[in-house]
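# Structural description and commentary
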Amino acid sequence: MPADGGIGASTKRREDVRFLTGLGNYTDDINIHNQAYVHFLRSDVAHGKLNRVDTRAAEKMPGVIRIFTSKDFEGVGGIPCGWQVTDRFGEPMQEPKHPVLAEGFVRHVGDPIAAVVAETLEQARDAAEAIEMDISELPAVIDMAAALEDGAPKVHEELSSNLCYDWGFVEENSAAVADAIANAAHVTTLELRNQRLVANPMEARVAIGDYNRATDEHTLYTTSQNPHVIRLLMGAFVLGIPEHKLHVISPDVGGGFGTKIFHYAEEAFCTFAAKAVNRPVKWAATRSEAFMSDGQGRDHVTKIELALDKDGHFLALRTDTLANMGAYLSTFAPSVPTWLHGTLMAGNYKTPLIYVNVKAVFTNTVPVDAYRGAGRPEASFQLERVIDKAARELGMDPIELRRKNFITEFPYETPVAVAYDTGDYNATMDKLIEMADFDGFEARREASAKKGKLRGLGVNCYIEACGIAPSNLVGQLGARAGLYESATVRVNATGSITVMTGSHSHGQGHETAFPQVIASMIGIDADQVDIVHGDTAKTPMGMGTYGSRSIAVGGSAMVRAAEKVISKAKKIAAHLMEASEGDIELKDGQFTVAGTDKSVAWGDVTLAAYVPHNYPLEDLEPGLEETAFYDPANFTYPSGAYACEVEVDPDTGKVEICSFHAADDFGNIINPMIVDGQVHGGIGQGIGQALLENCVYDSDGQLLSASFMDYAMPRADDLPFYDVDHSCQTPCTHNPLGVKGCGEAGAIGSPPAVVNAVVDALQRAGHDITHIDMPLSPARVWSAMQG
Amino acid sequence: MYELNITRPETLADAVEALGHDEAMALGGGQTLIPTLKQRLANPETLVSLTGIAELSGISRDGDMLIIGGTTTHAEVASGATDYPALAALAGGIGDPAVRNRGTIGGSLANDDPAACYPAAVLASGATIVTNTREIAADDFFEGMFTTALHDGEIITAVRFPIPQKANYQKFDQPASRFALVGVFVAQTADGVRVAVTGASEEGVFRWTDAEAALSADFSPTAVDGLNVSADNLIGDLHGTPEYRAHLVKVMTKRAVAASG
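Residues numbered from 1 in each chain as written. Chains lettered and ligands numbered in written order. Predicted model: local features only at pLDDT ≥ 70, side-chain atom pairs only at ≥ 80, totals over all residues. Heavy atoms only, no water.

### Notes on the overall build of chain B
- Counting its regular elements, chain B contains 10 helices and 12 strands.
- In terms of overall size, chain B behaves like a compact globule, its C-alpha atoms giving a radius of gyration of 18 Å where 261 residues would be expected to give roughly 18 Å.
- Out of the 261 residues in chain B, the part that is buried amounts to 54%.
- A separation threshold of at least 6 residues defines the contact pool for chain B, and within that pool the share at least 24 residues apart is 58%.
- With an accessible surface of roughly 10900 Å², chain B has 47% of that area assigned to carbon and sulfur atoms.
- A distance of 9 Å separates the average location of the 17 positive side-chain charges in chain B from that of its 32 negative side-chain charges. (Helix = DSSP H or I, 4+ residues; strand = E, 2+ residues; numbered from the N terminus. Rg over C-alpha atoms; globule rule 2.2 N^0.38 Å. Buried < 20%, exposed > 50% of the residue type's maximum accessible area, 1.4 Å probe, protein only. Contact = heavy atoms within 4.5 Å. Areas by Shrake-Rupley, 256 points an atom, 1.4 Å probe, with all protein chains shown as cover. Lys, Arg positive; Asp, Glu negative; His and termini not counted. Charge placed at Lys NZ, Arg CZ, Asp CG, Glu CD.)

### Details of a nonpolar patch on the surface
Residues and elements named next belong to chain A.
- Where nonpolar side chains cluster on the molecular surface, the patch consists of L607, Y610 and V611 and spans about 230 Å² of accessible area.
- With respect to the helices and strands, the residue L607 is situated in helix α16 (residues 602-610).
- Here L607 falls in the partly exposed class, since its relative accessible area comes to 38%. (Patch = residues over 30% accessible without salt bridge, like charges linked within 9 Å, V, L, I, M, F, W, Y side chains within 5 Å. Salt bridge = Lys/Arg side-chain N within 4 Å of Asp/Glu carboxyl O.)

### Overview of the sheet that holds strand β12 (residues 206-207) of chain B
Residue and element names in this part refer to chain B.
- As summarised here, the arrangement of the four strands in space is β9-β10-β11-β12, forming an open sheet in which the pairing is antiparallel. Pairing within the sheet leaves two strands with one partner each, and these edge strands are β9 (166-173) and β12.
- Looking at chain direction, β9 and strand β10 (residues 180-189) are connected through eight bridges and run antiparallel. If you follow Y169 over to β10, its bridge partner there is F185.
- Relative to the sheet, helix α9 (residues 209-217) contacts β11 (192-198) and β12, its axis offset from that of β11 by approximately 150°. (Pairing = 2+ DSSP bridges. Axes fitted to C-alpha atoms, helices over the stretch in contact; angles between N-to-C directions.)

### Comments concerning the packing of aromatic side chains
- In this structure the tally under the stated criterion is 31 aromatic pairs over all chains.
- Considering the side-chain rings of F68 of chain A and F269 of chain A, the 5.1 Å spacing of their centres and the 85° angle between planes classify their relative orientation as edge-to-face. In this pair, F68 of chain A is assigned in strand β3 (residues 64-68) and F269 of chain A in helix α7 (residues 265-277), connecting sequence segments 201 residues apart.
- Take F68 of chain A: its relative accessible area is 0%, and that puts it in the buried class.
- Consider the rings of F141 of chain B and F142 of chain B, whose centres lie 5.0 Å apart with planes at 90°: the pair is edge-to-face.
- Looking at F141 of chain B, the relative accessible area reads 0%, which means it is buried.
- Within the aromatic cluster, the residues linked to one another by ring pairs are F40, F68, F73, F269, F272 and W283 of chain A.
- Just above the ring of Y264 of chain A sits the side chain of R205 of chain A; from NZ or CZ to the centre is 3.5 Å.
- Directly above the aromatic system of Y2 of chain B lies the positively charged group of R40 of chain B, at a separation of 4.3 Å from the ring centroid. (Phe/Tyr/Trp six-rings, centres within 6.5 Å; stacked < 30°, edge-to-face > 60°. Lys NZ or Arg CZ within 6 Å of the ring centre and 35° of its normal.)

### Brief notes about the state of the cysteines
All names here are of chain A.
- Tallied over the full model, the rule gives zero disulfides over all chains.
- Sulfur of C81: no disulfide; nearest cysteine sulfur belongs to C164 and is 7.6 Å away.
- With no disulfide of its own, C658 lies 7.9 Å from the sulfur of C644, the closest cysteine sulfur. (Disulfide = S-S within 2.5 Å.)

### Some words on the sheet that holds strand β26 (residues 639-648) of chain A
All names here are of chain A.
- Taken in spatial order, the four strands make up an open sheet running β18-β26-β27-β28, and their pairing is mixed. Of all strands in the sheet, those bounded by a partner on one side alone are β18 (454-463) and β28 (722-725). Averaged over neighbouring strand pairs, the angle between their axes works out to 10° when direction is ignored.
- Sheet topology places strand β27 (residues 655-665) next to β28; four bridges connect them, and they run parallel. Across the sheet, A663 pairs through a bridge with D725, a residue of β28.
- Seen against the sheet, helix α18 (residues 745-764) touches β18, β26 and β27 and runs at an angle of roughly 145° to β18.

### Examining the pairing of β10 of chain B
Residue and element names in this part refer to chain B.
- Among the 10 residues of β10, nine are classified as buried, and the element is accordingly described as predominantly covered.
- Counting the residues between successive antiparallel strands, the hairpin from β9 to β10 contains six residues, one of them, R178, with a positive phi of roughly 60°.
- Pairing analysis gives seven bridges linking β10 to β11, with the strands arranged antiparallel. Across the sheet, A187 pairs through a bridge with R194, a residue of β11.
- Once β10 ends, the chain turns through two residues before running back antiparallel as β11.

### Quick look at the domain arrangement of chain A
Residues and elements named next belong to chain A.
- Per the domain assignment, the segments making up chain A are domain 1 (15-23 + 484-630), domain 2 (31-138 + 202-255 + 260-293) and domain 3 (297-469 + 634-785).
- Here domain 2 and domain 3 have C-alpha centroids that lie 36 Å from each other.
- Between domain 2 and domain 3 lies a buried interface of about 2500 Å² when both sides are counted; carbon and sulfur atoms form 68% of it.
- At the boundary of domain 2 and domain 3, one finds zero salt bridges.
- Across the contact surface, domain 2 and domain 3 share eight residue pairs in polar contact (both at pLDDT 80 or more).
- With five residues, helix α8 (residues 287-293) is the single largest residue contributor to the side of domain 2 that touches domain 3. (Domains from an automatic or database assignment. Buried area = accessible area lost by both parts, 1.4 Å probe. Polar contact = N/O pair within 3.5 Å; in protein donor to acceptor, adjacent residues only side chain to side chain.)

### Considering the side chain of T365 of chain A
Residue and element names in this part refer to chain A.
- Of note, T365 is situated in the loop between β15 (353-362) and α9 (376-394).
- Polar contacts involving the side chain of T365 include one to the side chain of T363, which spans 2.7 Å.
- Dropping the residues within four chain positions of it, T365 is found in contact with R107, H108, I142, R196, N324, G326, A327 and Y697.

### What about the interface of chain A and chain B?
- With 24 residues of chain A at the interface, the matching set in chain B holds 22 residues.
- Looking at the side of chain A facing chain B, the largest losses of area belong to M709, R715 and W782 of chain A, adding up to 27% of the total buried there.
- Taken together, the links from chain A to chain B amount to seven salt bridges.
- Across the salt bridge formed by D651 of chain A and R255 of chain B, the nearest N and O atoms sit 3.4 Å from each other.

### Quick look at helix α17 (residues 672-692) of chain A
Residue and element names in this part refer to chain A.
- Counted at 1.5 Å a residue, the expected span for α17 with its 21 residues is 30 Å, and the 29 Å between its end C-alpha atoms agrees.
- With 15 of 21 residues buried, α17 lies mostly within the body of the structure.
- Put simply, N671 is the residue that caps the front of α17, since its side-chain oxygen is 3.0 Å from the backbone nitrogen of M673. (Expected span 1.5 Å × (residues − 1).)

### Concerning empty space enclosed by the protein
All names here are of chain A.
- All told, the structure shown has six cavities of 30 Å³ or more when counted by the stated rule.
- A per-class count over the lining of the largest cavity returns 10 nonpolar, seven polar and three charged.
- Both domains that furnish three or more residues to the lining of the largest cavity are identified here as domain 2 (31-138 + 202-255 + 260-293) and domain 3 (297-469 + 634-785).
- Every residue along the wall of the second largest cavity is listed here: R298, H300, A323, N324, M325, A333, V336, P337, V368 and D369.
- Looking at the lining of the second largest cavity, the elements that each hand over two or more residues are β13 (297-308) and β14 (314-326).
- The element contributing the most residues to the lining of the second largest cavity is β14, with three residues.
- Broken down by class, the residue content of the lining of the second largest cavity amounts to six nonpolar, two polar and two charged. (1 Å grid on protein atoms, 1.4 Å probe; cavity = no way out; pocket = protein on both sides within 12 Å on 5 of 7 lines; lining within 4 Å. Points joined across faces, edges and corners; volume = space filled by probe spheres on them. Nonpolar A, V, L, I, M, F, W, Y, C, P; charged D, E, K, R; others polar.)

### A few points about the domain arrangement of chain B
Residues and elements named next belong to chain B.
- What the domain assignment lists for chain B is domain 1 (5-49), domain 2 (57-162) and domain 3 (166-259).
- Buried surface at the junction of domain 2 and domain 3, both sides included, amounts to about 1600 Å², of which 66% is carbon and sulfur.
- On inspection of domain 2 and its partner domain 3, the count reaches two salt bridges.
- Among the salt bridges present, the one from D139 reaches R207, with a minimum N-O distance of 3.1 Å.
- Run the count over domain 2 and domain 3 and you get nine residue pairs in polar contact (both at pLDDT 80 or more).
- When contributions to the side of domain 2 that touches domain 3 are tallied by element, the ones reaching two or more residues are α4 (85-92) and α7 (118-125).

See the structure below:
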């Protein structure tokens, strides 16, 4: 049994006490003396030429401090993109400018045109209504295929077309893949859409700019998953503020899901305006603004072809995808359909030949970027749906077809440039079968039939690449940032520890899980350890939290720093006990000398480090604080097998999830309860995508699903009780904790399970239905059943 | 929200007087009006809150009639309309607990959202809308989406429901809002059966008269098997085509008949 509070213990999340009792400190809880308020005047048309923005009348309105337009941002950089993709011809992607406030054109509903800073929010809104605008509406480009047609209206006049890039991967495989598909005994083809989603974290975005004239220091409080990244991008590329004069703080953040990774115009605006008006400047998004300004997710249209031999062995895989970028390139947008998607197309299977083509397209819609899973859910969905379809076409059991093609030997080099270090896909499938009682399905199906319901069973596997890094690799792939992580372990004089991490917790439970690692390493109580994060002035330069990377990369950095601390502490202990450093052991918070009964407590050693009266000052500096930067050798590769049972109401098309089982392999686990919660949340969002959520624009670019009245978020009663297991553990071989990450797995693995189950239910009932595009709303399922 | 004044009269007479001023609007539970104001889609000078008027709230029985005051909340109807279980169940299915604890029957009817639940109950029950000046039969009250027979400044003081022999409401949720994608209220009285449909029509709540005739002759789910609802003038949106809604009207009608107690 793990020690309470140590690695492996289901310690309750300490941060929940403040979250659940209203004591959290979210960005919107921060109010600075004399602050002014910002209201953004946003475009209500999807595409238009800004002929005139006249703020003269508005400036005279009560309470108005200043009104900003693009004229105020001349000489200021655009919002940068953090990843440059090179196309299949060796050319860089097309990268249009993304101004802080619209320059000459508006390109999506919600594009900010002007910003009013006023004494009160209502005064700012009043003044925004008094701004006179003359906009010539232009044809909107919404559909991706239409956007690529010759002569289509262009989202950006200065670009050659709406094509951001045409990416082929692995380009050299293209001909061999085509050959294999042409000559295969069987080819299964599927066309599908991975619909656009809105992340909708519970906390909408907030930014507060503050400027200190005395020190020339800028402070930005923002709802970010990675404050150092915001400081770097905004300081270096947008506003030209050196980092020592720019302080970015992300306090408690109420959910991110990817959409709070990106650097947003509102952050740059508030930082800029605070100096310009010499007042703190606060902006808090309304939910309506969130729908039209938060980076959105997914939005791929794909054709996938799987070639098999007569026995069901996978021979080749080819995909053609159109990926929506929206109107501008958000921070990591270009990487999502390419390096976070194409590299995952091998899945859990030894398909020898793979070719992925992705055309990224500009449209007059809100920018699209990473959302929980980011490219990997799109990859898994295509692959696991086409395998299910192939099994039906070949009359094979879908599990057996998968098993026949599983990768079973590790490490495994895929044909799409990644090397899986460990995994055991048969083990998770065996566990799933044990959990999900497939033998009892027929009886359950009959019971459902007696109620007039169609029952179906869907199964799928997934693999993901987490712990995004290593930096030298991602640099070659176009990343304009490193992807290491940092930690400082500061031991206080009496032995308690403060860990400053570059990871950022916005729901993941770092404040509980990270101390468990330190507690186990040293043998002290976890409550002797606190985690500090989210403040560029307090933590070393870190890359933040996304891509299920915190424990794998940030946790590893913390382990490396703690190892340095322990190494130094052993030297001090050796001095105190007049022993050889090599004989010192640390266990349960006690240093001992091997083979003797000598011991000295952790706290005595730490005190000696800061009160160095009896201390080897000639050999060792006082103090006990170490920093480490950890750059991983590889991604981590969590995997799993999921099963979903559904009932379809044939009269209405409504799908009810009856059960959901998940057998995951996350390698070693720090806090099983937190892992359960992460998987639960991921599956909840995956079921949301499968059944409910859909971000839809009409042909004019108006957002039809612009509020919770039309954008269906999953509610508790849409979701089943989950049965999750993570006892199959093949530890990661290249990080010190052997961990893989668990944050996105549920969202990646669950949509295909749900759709496979619904298609299964309908096919068992005699409907010739091979696919329904998500969300599988009652109307869509019913419509499919009508033929 | 634009700047506005709010007044909270304690008598109906004071409320009527306050609503007589230009740019005054009545505020019931505010479950539609407050979000509308927050989005600056309405700009009244004065809001006249009706919820402080004691005489407008409460549930009482008068012979075969159940009388519900105009400011009675959905939660109060859900727990208090025990003499009319189908109506209580309908009220208990509106929105979520926060909505039910604020939203009022009068507010819902005066707003006449085409996907609201109460209009189906009122129309199927053949209820009477009582205002500060007159009584309006349900058949005359609903005039289309967000449009009723109410005059400016007129206040719904109560709704009088004849208690049917059998009744049931079946709502098929719009997945996002959980308003009715289609809701069907079936009520059987000594005079026959009435079937009212909400959520489906561009023209708001309506009676499915073919089904009423069939069910008056044979009050069983199969009685409507041979009938079809025309998709003409039905709502088509993200959540369903007119054809889907037409289909659901029949499915929900059959379920309501089957569930009628």
